[in-house]
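Overview (structure and organization)
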Number of protein chains: 2
Amino acid sequence: MKIQQLTADISLKRQLEGGNEEQLRTVREVLADVKAKGDAAVKAYSEKWDGVALDTLRVTAQEIDEAVASMDPQIIADLTEAATNIRYYHEQQKRDGYKLPLADGSWLAQRITAIASVGLYVPGGSAAYPSSVLMNVVPAQVAGVERIVIATPCDKDGKLPAAVLAAASILGVTEIYKMGGAQAIAALAYGTETIDGVDKITGPGNIFVALAKREVFGEVAIDMIAGPSEIAVIADETAHADEVAADLLSQAEHDPMACAVLVTTSDALAKAVSDEVEKQLQTLPREAIARKAIENYGAIYVGETMTQVVDAINTLAPEHLEIVTKNPEAIMEQVKNAGAIFLGRYSSEPVGDYFAGTNHVLPTNSTARFASGLNVDDFIKRTSVVYYSEQTWQENAPKIARLARLEGLEAHARAVESRGWNKED
Amino acid sequence: MKIQQLTADISLKRQLEGGNEEQLRTVREVLADVKAKGDAAVKAYSEKWDGVALDTLRVTAQEIDEAVASMDPQIIADLTEAATNIRYYHEQQKRDGYKLPLADGSWLAQRITAIASVGLYVPGGSAAYPSSVLMNVVPAQVAGVERIVIATPCDKDGKLPAAVLAAASILGVTEIYKMGGAQAIAALAYGTETIDGVDKITGPGNIFVALAKREVFGEVAIDMIAGPSEIAVIADETAHADEVAADLLSQAEHDPMACAVLVTTSDALAKAVSDEVEKQLQTLPREAIARKAIENYGAIYVGETMTQVVDAINTLAPEHLEIVTKNPEAIMEQVKNAGAIFLGRYSSEPVGDYFAGTNHVLPTNSTARFASGLNVDDFIKRTSVVYYSEQTWQENAPKIARLARLEGLEAHARAVESRGWNKED
């Protein structure tokens, strides 16, 4: 890995693929088609692109049961424990509204209600992602979302990965549809004859899924469009080079555009990590992907002081941040921008990807400056309530009417004053 | 106003202007230009479109002082009281993170930090909108945002509305720039020689501002793109027709595309409100705008039962909802989707636009199904923290490694296991 002196113009930002004109045209066509023709269009696109002709889109109870039965019980236990941990962490985020009494019997309030229905897209392809199911479904359940739907593409034989069905089953989610790509997003957004539309769509996907989510945004809510994964490690001379290298590679193996950065005050560690990364790369099954990521978006920066290192991290605003130093908590206190923080030697980043309980859906590409990881608030909405008594109205109506007229909005002023027009009751 | 029988296919949704290709091209050009040339480009566009040649963009302390001095002291008092009310309501939304102890000294946490810098766009034109300043700035201040900037276009003499400067001054906001349109959004997003870029941009604007906000989204955060205003009123036979009509018109006067809907169980009220709307329209200064809105997007629906009425409201998910019935609170409990609710005869909707303390930046076009009004959470971010002790790591590493391998991510598994490789310390 390249070792460089830390300077102030550090940046994680990559030019991300936004989709080309042709892809966008295709997506718009699919969306319009599914909106007009419903299930038939979804099935036709599944046949065209996924090579599978389906009679019914909905996964049956029997398919789910068979999937669970086919799994290693140890894995079921691991997924169940992970779900419990995720629920425990997210339950702290649940909250009530409030009611604020004012004078004369008046009050203001904030009501919290759950979004009624949410659709989770789980990508298909070569691998299965049961962890995505846990990370998206549990916060929605904690929020109180009544209807949770999963859409995920099946293989050419109409089969879904057992691990995905098992994860859904562990959480009690049984409304699962075999569909992928833009047609799945369209079906979730607009609804079809057999699928009721949802209010919000979450979950990662390929460029067609991402473009479709952008297009239906407004009609329904979406989570953020996730970019390639990132890890930044703050480490001093107490860190173990092989562990830091392994953690950098854990993110690099995700994507050739993944980003892995070490920022350290130790020249010796910088050199040792660089050597370890090369050594460990050579035995990785996903070496080609990880090597590209390391070559293009991997870097080791050496800073003079820990203050300079932390400043650099706040500029980067990385998705994942590990702090592997003598006193990691003190350094954490100075960190302002990061999606998720992992403290100390034993909090390797994959701990959070799968198991600890925190969410792995996190802001990428420096958006941790203003965005947060997926959380319970993403599945609720807040409604304000005003109750004014006659006395409060009488006291404040002249002020409100003045402010409305200041903005040239006479009908606003008259509405407030209307309660005073020679009324008898 | 048209009176119709309430049916299940009620809808508020309008085809909103998304901007045409030429407008988008212009906006992209402006953004690129400001990114490349900074202040000079901002000034050039202000000269081109607003007809004003500015030496400096920043408003001086003297200009602010003069604006405040020029205002009616009663208005200053009204704005100050409104700001106090808004602060009181929003302060209840402030919250701390949490720390969750696990076994063996491990813990998880959620940290809450404020977004560092926020830019508020205040539209110019014929009217001044000091209430926009209060509604956007106060939640950001409550959240703890350190730097709050206002951008607003000046007139041909380089002057800004005194009411806007006064509202800013009341809140202690002094970093104000004379700039409007897409060039203002560009300057806020990218920064220039004299203006530091911000992390989030909020506030309403014309189609160029809306398009520019969409374009810079991702680089910075934005609030939602607001659509035309909406009001829905639930009323029974106890409501006063003139008051309901006045409230419907208060939203209709905003925009020819504004929406004003009464849903009632009373035929008599329906008829009386329809007559009152026509009567009151005739004396409104903004009659032309309000009449267009009422003709195109105004409607009175008569339902059989209050349950049917409430179901219709949950489908509409209106921005503003008034409940003017015998027992409004009981009906409120059944409402799931609304941006803001106003209860009873004396809680006329403009009470919330200006004064009560709730926010007037609210979700439109049925997005209250999944979105909320502007609130303190819009100005904070949440960071998760994982601290695993050696013992917790040791106990859970095999489970995490199994789950990583289940997803085909070997480097993840190795990272977690790396702590176990023949280590001495």
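Bear in mind that the values here come from a model prediction, so they are computed numbers and not experimental data.

Calculation notes
- Residues numbered from 1 in each chain as written.
- Chains lettered and ligands numbered in written order.
- Predicted model: local features only at pLDDT ≥ 70, side-chain atom pairs only at ≥ 80, totals over all residues.
- Heavy atoms only, no water.
- Buried < 20%, exposed > 50% of the residue type's maximum accessible area, 1.4 Å probe, protein only.
- Helix = DSSP H or I, 4+ residues; strand = E, 2+ residues; numbered from the N terminus.
- Pairing = 2+ DSSP bridges.
- Right-handed = clockwise from strand over helix to strand, strands pointing away.
- UniProt positions renumbered as here; feature names shortened; annotations may be inferred.
- Contact = heavy atoms within 4.5 Å.
- Axes fitted to C-alpha atoms, helices over the stretch in contact; angles between N-to-C directions.
- Parallel < 35°, antiparallel > 145°, perpendicular 65-115°, else oblique.
- Left-handed = near helix turned anticlockwise from the far one by under 90°.
- Nonpolar A, V, L, I, M, F, W, Y, C, P; charged D, E, K, R; others polar.
- Least-squares fit on C-alpha atoms with pLDDT ≥ 70 in both.
- Salt bridge = Lys/Arg side-chain N within 4 Å of Asp/Glu carboxyl O.
- Polar contact = N/O pair within 3.5 Å; in protein donor to acceptor, adjacent residues only side chain to side chain.

1. Some words on the pairing of strand S3 (residues 107–114) of chain A
Residue and element names in this part refer to chain A.
- The element S3 is largely enclosed, with a buried count of 6 among its 8 residues.
- Between strand S2 (residues 98–101) and the antiparallel strand that follows it, S3, lie 5 residues; Asp104 among them carries a positive phi value of about 60°.
- Judged from the 8 bridges that link them, S3 and strand S14 (residues 380–387) form a sheet pairing that is antiparallel. Within S14, the residue paired with Ala109 across the bridge is Val385.

2. Comments concerning the pairing of strand S6 (residues 175–178) of chain B
All names here are of chain B.
- Alternating positions in S6 separate into two faces, Glu175 and Tyr177 on one and Ile176 and Lys178 on the other, with burial throughout.
- Where strand S5 (residues 147–152) meets S6, 4 bridges bridge the pair, whose relative direction is parallel. Each residue of the ladder has a partner; that of Thr152, found in S6, is Lys178.
- After leaving S5, the chain enters helix H6 (residues 162–171) and then returns to the sheet as S6, a path that is right-handed.

3. Examining the UniProt feature "binding site: Zn(2+)" (unreviewed entry) in chain A
- Per the UniProt record, "binding site: Zn(2+)" (unreviewed entry) is found at Gln251, His254, Asp353 and His412 of chain A. A maximum C-alpha distance of 55.4 Å shows the annotated residues, which cover 162 residues in sequence, to be distributed over more than one spot.
- Excluding anything up to four places from it in sequence, Gln251 of chain A contacts Ser229, Glu230, Ile231, Ala258, His320, Glu349 and Asp353 of chain A together with His412 of chain B.
- Of note, His254 of chain A is situated in the loop between helix H9 (241–252) and strand S10 (259–264).
- The class for His254 of chain A is partly exposed, based on a relative accessible area of 33%.
- Excluding anything up to four places from it in sequence, His254 of chain A contacts Ser229, Arg286 and Ile289 of chain A together with Leu409 and His412 of chain B.

4. Examining the sheet that holds strand S7 (residues 200–202) of chain A
Residue and element names in this part refer to chain A.
- Within the open sheet, the 5 strands sit side by side as S6-S5-S4-S7-S8. Their pairing is parallel. Pairing within the sheet leaves two strands with one partner each, and these edge strands are strand S6 (175–178) and strand S8 (221–222).
- When S7 meets S8, the two strands line up parallel, connected through 2 bridges. If you follow Lys200 over to S8, its bridge partner there is Ala221.

5. Description of the packing of helix H1 (residues 21–37) of chain B against helix H7 (residues 181–190) of chain B
All names here are of chain B.
- One way to put it is that H1 packs onto H7 with a least axis distance of 9 Å and a crossing angle of 45°. When the axes of H1 and H7 are compared, the pair comes out oblique. Between H1 and H7 lies a crossing of right-handed hand. Every residue of H7 that contacts H1 at Val27, Val30, Leu31, Val34 and Lys35 is listed here: Ala182, Gln183, Ala186, Ala187 and Tyr190.
- Taken together, the residues of the contact of H1 with H7 sort by class into 8 nonpolar, 1 polar and 1 charged.

6. Some words on the relation of the copies chain B and chain A
- Once turned by 180° and shifted 0.0 Å along the axis, chain B lies on chain A with an RMSD of 0.0 Å. Classification of the inter-copy transformation places it as that of a two-fold axis. Nearest to the rotation axis, the C-alpha of Asp377 of chain B is located 4.5 Å from it, this being the minimum over chain B.
- Comparing interface residues between copies, 99% of those in chain B also lie at the interface in chain A; the contact surface is shared.

7. Here we look at the interface of chain B and chain A
- Residue-level contacts link 118 residues of chain B with 118 residues of chain A.
- In this structure, the connection of chain B to chain A is made through 16 salt bridges.
- The salt bridge involving Asp78 of chain B is made with Arg402 of chain A; its shortest N-O contact spans 2.5 Å.
- Considering every element that reaches the side of chain B that touches chain A, the biggest residue donor is helix H15 (residues 390–406) of chain B, with 9 residues.
- Here the side of chain B that touches chain A is built from residues that sort into 56 nonpolar, 30 polar and 32 charged.

8. Structural notes on the UniProt feature "active site" (unreviewed entry) in chain A
Residues and elements named next belong to chain A.
- Per the UniProt annotation, the sites labelled "active site" (unreviewed entry) are Glu319 and His320.
- Tracing the sequence through the fold places Glu319 in the loop between helix H12 (306–316) and strand S12 (320–324).
- Sequence-distant contacts of Glu319, that is, excluding residues within four places in its chain, are made with Pro228, Ser229, Glu230, Ala338, Gly339, Ala340, His360, Leu362, Pro363 and Thr364.
- At 3.2 Å, the side chain of Glu319 and the side chain of Ser229 are in polar contact.
- Mapped onto the elements, His320 comes out in strand S12.
- You can call His320 buried: its relative accessible area is 2%.
- In contact with His320, other than residues within four places in its own chain, are Ser229, Glu230, Ile231, Ala232, Gln251, Ala340, Phe342, Glu349, Asp353 and Leu362.
- At 2.8 Å, the side chain of His320 forms a polar contact with the backbone oxygen of Glu230.

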